[in-house]
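# Architecture and fold: a report
What follows is the residue order along each chain.
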Amino acid sequence: MTATESIERYQKAASDLKGRVRGAVLEPGNPAYDEARSLWNAMIDRRPALVVRCLGTADVIAGVKAAREYDLPLTIKGGGHNIAGLACCDGGLMLDMSLMRGVWVDPAAKVARAQAGCLLGDVDRETQLHGLAAVLGFVSNTGCAGLTLGGGFGYLSRRFGWTSDNVASIDLVTPDGRAIRASEREHSDLFWGLRGGGGNFGVATSFEYALHAVGPDILGGAIAWRGEDAGRVLEMYRTLVAEAPPELTCVAGLRLAPPAPWLAPEVHGKPIVALFVCYSGSLADGEKLVAPIKAFGAPVGDVVQKRPYVSQQALLDATQPKGRRYYWKSEYLRGFEPGLFTQAIEHAGRIVSPHSAILIFPLGGAISRLPEDHSAVGNRDAVAVLNIGGSWERADDDGKNIDWARGAWHDLRQYSTGGTYVNFLTEDDGDERTRAAYRTNYARLAEVKAAWDPSNLLRTNKNILPTT
């Protein structure tokens with residue numbers, strides 16, 4: 001196809017869509033185009049041919065049909081927070097769901113329905129009005145759709161399971177343009193695949209979440225020690241995670257201390273080890289469990305206290321602002337084996353950006369009580385998620401920060417289960433890594449893909465190839 005023919009095709013698709021959707025159809029040059037295509041990770045700078053700012057399911061159906069009719073690559077933007085920037089591609093059609101942010105809570109039934117453009121904070125604010133919470137992630141500006149479709153985990157996962165374990169139903173538009181609902185009772189094969197299989201099977205328009213009695217106050221916050229104490233702190237952490245009840249989640253982090261007011265000024269810019277603590281049970285029980293952590297060694301900052309659950313959910317937001325450059329490497333850990341912490345500390349000492357970190361997110365608990373094939377996300381044998389998170393400001397620094405992340409990953413991946421969390425896969429992680437994210441569940445996912453998207457319309461993602 002010639003360049004002229006391509007332009008004519010885009011123009012025809014744009015004209016067609018403008019007559020069929022309520023939302024805006026944006027082309028390059030429109031003042032709102034750059035805002036709509038922008039993503040959280042500034043390393044991703046792609047230019048779609050068209051952006052449809054969907055206002056409802058009918059707009060999504062029109063967009064899906066146009067992508068098929070005009071043979072345009074199709075991408076879906078929810079929160080735009082994915083590390084690989086899967087929401088956008090050059091020359092394609094982006095369905096921007098970010099204006100679809102309605103949340104409806106039924107406190108009697110303990111369920112909430114959230115539209116696909118919702119951020120975690122949108123859901124938390126509405127559910128906490130009733131002392132209820134969905135099982136969501138650690139950063140309130142993350143999109144619910146991407147988190148949920150990739151499995152999802154957060155402070156409540158050890159108590160209640162993956163985010164996808166707590167989804168009762170998903171409304172979506174199929175690749176052939178139908179609006180359906182998937183649940184255990186309706187299209188159960190599709191529902192199995194959606195709970196971890198990402199955006200491979202349809203365009204999700206809303207999610208029904210089971211809610212749990214959590215908040216409005218919990219015991220949580222952060223506590224930090226000097227970098228030279230990291231070995232002792234992480235050994236304490238090893239025992240803590242092994243013995244902790246499911247109500248207690250502690251995320252461990254190694255990084256340079258930011259100039260935050262809760263940290264002693266003398267450690268700013270120097271290595272620290274920190275624990276991000278959340279106890280979601282009774283405050284009295286939490287104070288007893290957290291007291292030994294607060295008394296350990298000589299902390300250089302401690303803001304673990306009674307606080308609103310919505311505050312806890314936003315605790316890490318400042319570490320991941322939109323517009324920085326991000327590059328991650330991640331693995332599921334089979335345990336806290338000898339050498340893991342030592343090597344993590346060594347690589348944390350080589351960090352080249354004040355924003356980068358090595359993080360350990362504990363799993364287990366409710367996640368591990370279900371069989372591997374309960375849903376597509378699998379990986380229920382993992383003890384924790386290791387994330388080597390490169391984060392920096394300037395494009396000129398890409399090379400050295402990516403090299404640091406890859407170097408740390410090269411040495412630390414020996415402790416992996418062999419699996420990896422699909423939502424943490426970066427742009428350069430190929431098919432082998434996608435298969436590693438699903439392990440034994442991949443073959444069944446390929447069958448679901450063949451049943452629902454045999455032509456692979458939804459391929460600008462961590463793609464699962466349909467069984468032929």
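Up top is the structure these notes are about.
Residues numbered from 1 in each chain as written. Predicted model: local features only at pLDDT ≥ 70, side-chain atom pairs only at ≥ 80, totals over all residues. Heavy atoms only, no water.

It is worth spelling out the layout of surface pockets at this point. Of the pockets and cavities examined, the second largest pocket occupies roughly 310 Å³. If you go around the second largest pocket, you meet 17 residues; those closest to its centre are K77, G79, S98, L119 and K322. Grouping the constituent residues of the lining of the second largest pocket by class yields three nonpolar, nine polar and five charged. (1 Å grid on protein atoms, 1.4 Å probe; cavity = no way out; pocket = protein on both sides within 12 Å on 5 of 7 lines; lining within 4 Å. Points joined across faces, edges and corners; volume = space filled by probe spheres on them. Nonpolar A, V, L, I, M, F, W, Y, C, P; charged D, E, K, R; others polar.)

Let us look at helix α14 (residues 442-452). Restricting attention to buried positions, one finds in α14 the residues Y442, L445, A446, V448, K449 and W452. One side of α14 carries all its buried residues, which in axial view fall inside an arc of 160 degrees. Structurally, α14 contributes buried residues whose contacts are with β9 (179-183), α7 (188-194) and α13 (431-438). (Buried < 20%, exposed > 50% of the residue type's maximum accessible area, 1.4 Å probe, protein only. Helix = DSSP H or I, 4+ residues; strand = E, 2+ residues; numbered from the N terminus. Arc of directions from axis to C-beta. Contact = heavy atoms within 4.5 Å.)

Further remarks concern the side chain of R255. Mapped onto the fold, R255 is located in strand β13 (residues 248-256). Among buried Asp, Glu, Lys and Arg side chains, R255 stands out as unpaired, with E393 the closest opposite charge at 9.6 Å. Reaching out from R255, the side chain makes a polar contact with the backbone oxygen of P354 at a distance of 2.7 Å. The contacts of R255, once residues within four sequence positions are left out, are K270, P271, I272, T319, I351, P354, H355, S356 and A357. (Lys, Arg positive; Asp, Glu negative; His and termini not counted. Salt bridge = Lys/Arg side-chain N within 4 Å of Asp/Glu carboxyl O. Polar contact = N/O pair within 3.5 Å; in protein donor to acceptor, adjacent residues only side chain to side chain.)

This part covers the pairing of strand β14 (residues 271-279). Counting buried positions over the nine residues of β14 gives eight, a clear majority of the element. With nine bridges joining them, β13 and β14 adopt antiparallel strand pairing. Considered in β14, the bridge of L256 is made with P271. (Pairing = 2+ DSSP bridges.)

What follows deals with helix α11 (residues 340-348). Those residues of α11 lying buried are L340, F341, Q343, A344, H347 and A348. End-on, the buried residues of α11 take up no more than an arc of 165 degrees, which puts them together on one face. Close packing links the buried residues of α11 with α8 (230-243), β13, β17 (325-333), β18 (357-362) and α12 (398-412).

Enumeration over the complete set of coordinates arrives at 18 aromatic pairs. Here F207 and Y209 contribute two aromatic rings whose centre-to-centre distance is 6.1 Å and whose plane-to-plane angle is 20 degrees, an arrangement assigned as stacked. For F207, a relative accessible area of 1% translates into the label buried. Seen in terms of ring centroids, F361 and F424 are 6.4 Å apart; in terms of plane orientation they differ by 55 degrees. Their pairing is tilted. (Phe/Tyr/Trp six-rings, centres within 6.5 Å; stacked < 30°, edge-to-face > 60°.)

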